[in-house]
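# Examining the three-dimensional arrangement
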Amino acid sequence: MMRSFDPELVPHTEIHRLLVGGVAPRPIALVSSLDKDGTSNLSPFSFFNAFGVNPPIICFSPAYSGRTGAAKHTMMNLDETKECTVSIVNHEMVHQISLASAPYERGIDEFVKSGLTKRPSVKVKPPGVAESPFIMEAKLVQHVDFGGKPGSPNLMICEVLLIHVREEILTETGGIDPVRIDQVARLGGPYYTRAKEGIFVLPQPSKPLVGIDRLPQEIRESPILTGKHLAQLASLEAIPELPDGLPNLEARHSKAKHHLDRGEVDKAWEALSNGKW
Ligand SMILES: Cc1cc2nc3c(=O)[nH]c(=O)nc-3n(C[C@H](O)[C@H](O)[C@H](O)COP(=O)(O)O)c2cc1C
């Protein structure tokens, strides 16, 4: 049974609880900005992501306060000065970014409150966060304001002008090492997750694959194999032949399931075809 929630009928606080719990884990942008007098501000935002690379666009949402409807200082600063840095949050930093998120008065510098360190930027005025392994300098290209009611989003769409990456997290081929960067991400309420504790590998399909619809009928209608197993079997570039009328369906499928649960797709096909594959 599913329960359904209509934003037209349910209070926005309830929708907030559902969305932050369901659309998760979310990466955390630690946004540094300056007001027009040059006073520094630092706040975390997990309504955040990157959306493409040419040009490189990121976006985060300092929503109007769900309780009071007040605008976030980060939003006001970006409207005034059009620049920010976005530092990615790793596990070591998480207590300090939580401290930076407390509702301080405008004009309070959360670098000072959180003990995080300013790292001078090159192309923009706001500093980055020296403790972060991945810092982006960015300029505001568009602010989409969804209405100024409590909880209304503000999309701060920014173009990345410069990226700073700590040497130790780069792989030999120039990628980001998913263990060494050690990001944390936000779930609902007080829950966070540490990415490196849940990493697993899935091959990236770069060519059209067989697909479940083209698997032999015996497999598609298996009483033992589930969608997950069928997808593993169908992630090949060509359809394997399965001899007709093979006996012992349950035994063959159980053996195949055993292999698929261990990621052994070749052995699963061997088991399904009684070694005739
Ligand atoms: C991990 C984390 C993620 C957060 N994400 C958001 C968010 O996406 N949008 C938002 O409006 N507030 C978010 N907050 C709350 C803001 O950080 C908080 O309201 C902060 O005081 C805003 O600061 P400012 O008014 O100086 O910009 C988050 C807080 C934490 C700890």
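The notes below deal with the structure included here. Just so it is clear, the structure is predicted and the values come from calculations on it, not from any experiment.

Conventions adopted
- Residues numbered from 1 in each chain as written.
- Predicted model: local features only at pLDDT ≥ 70, side-chain atom pairs only at ≥ 80, totals over all residues.
- Heavy atoms only, no water.
- 1 Å grid on protein atoms, 1.4 Å probe; cavity = no way out; pocket = protein on both sides within 12 Å on 5 of 7 lines; lining within 4 Å.
- Points joined across faces, edges and corners; volume = space filled by probe spheres on them.
- Helix = DSSP H or I, 4+ residues; strand = E, 2+ residues; numbered from the N terminus.
- Nonpolar A, V, L, I, M, F, W, Y, C, P; charged D, E, K, R; others polar.
- Pairing = 2+ DSSP bridges.
- Axes fitted to C-alpha atoms, helices over the stretch in contact; angles between N-to-C directions.
- Contact = heavy atoms within 4.5 Å.

A separate point is the layout of surface pockets. Of the voids in this model, the largest pocket is the one considered here, and its volume is about 1,600 Å³. Along its surface, the largest pocket is lined by 49 residues, and H16, F47, A63, G66 and K72 are the ones closest to its centre. Listed by contribution, the elements that provide at least two residues to the lining of the largest pocket are α1 (12–22), β3 (40–45), α2 (73–81) and α3 (94–100). Counting residues per element, the lining of the largest pocket draws most heavily on α1, which supplies six residues. Split into classes, the residues belonging to the lining of the largest pocket amount to 26 nonpolar, 18 polar and five charged. Taken as a whole, the second largest pocket holds about 560 Å³ of empty space. Contributing to the lining of the second largest pocket are 29 residues, with P27, N49, I88, I181 and Q183 lying nearest its centre.

This paragraph deals with the sheet that holds strand β1 (residues 26–27). Pairing is antiparallel across the open sheet formed by three strands, whose spatial order is β1-β11-β12. Either end of the sheet is taken by a strand with one partner, and the two such strands are β1 and β12 (192–194). Pairing of strand β11 (residues 184–186) with β12, which is carried by three bridges, proceeds in the antiparallel orientation. Directly across from V184, in β12, lies its bridge partner R194.

A sheet is described by the order of its strands in space; here seven strands give the open sequence β3-β2-β6-β9-β10-β5-β4, paired in antiparallel fashion. Two strands lie at the open edges of the sheet, namely β3 and β4 (48–53), each paired on one side alone. With direction set aside, neighbouring strand axes in the sheet form an average angle of 30 degrees. Contacts from α2 reach β2 (29–34), β3, β5 (56–60), β6 (83–88), β9 (134–145) and β10 (154–165) within the one sheet, and its direction differs from that of β2 by about 50 degrees.

Of note, the amide linkage connecting A24 to P25 takes the cis form, showing an omega dihedral of 0 degrees. In this structure, P25 sits in the loop between α1 and β1. The omega torsion across N54 and P55 is 10 degrees, close enough to zero to call that bond cis. Looking at the element boundaries, P55 is found in the loop between β4 and β5. Phi angles above zero are rare outside glycine, and K82 is one such case at about 65 degrees. Relative to the assigned elements, K82 resides in the loop between α2 and β6. In the Ramachandran plot, N248 falls in the positive-phi region, its phi being about 55 degrees despite a non-glycine side chain.

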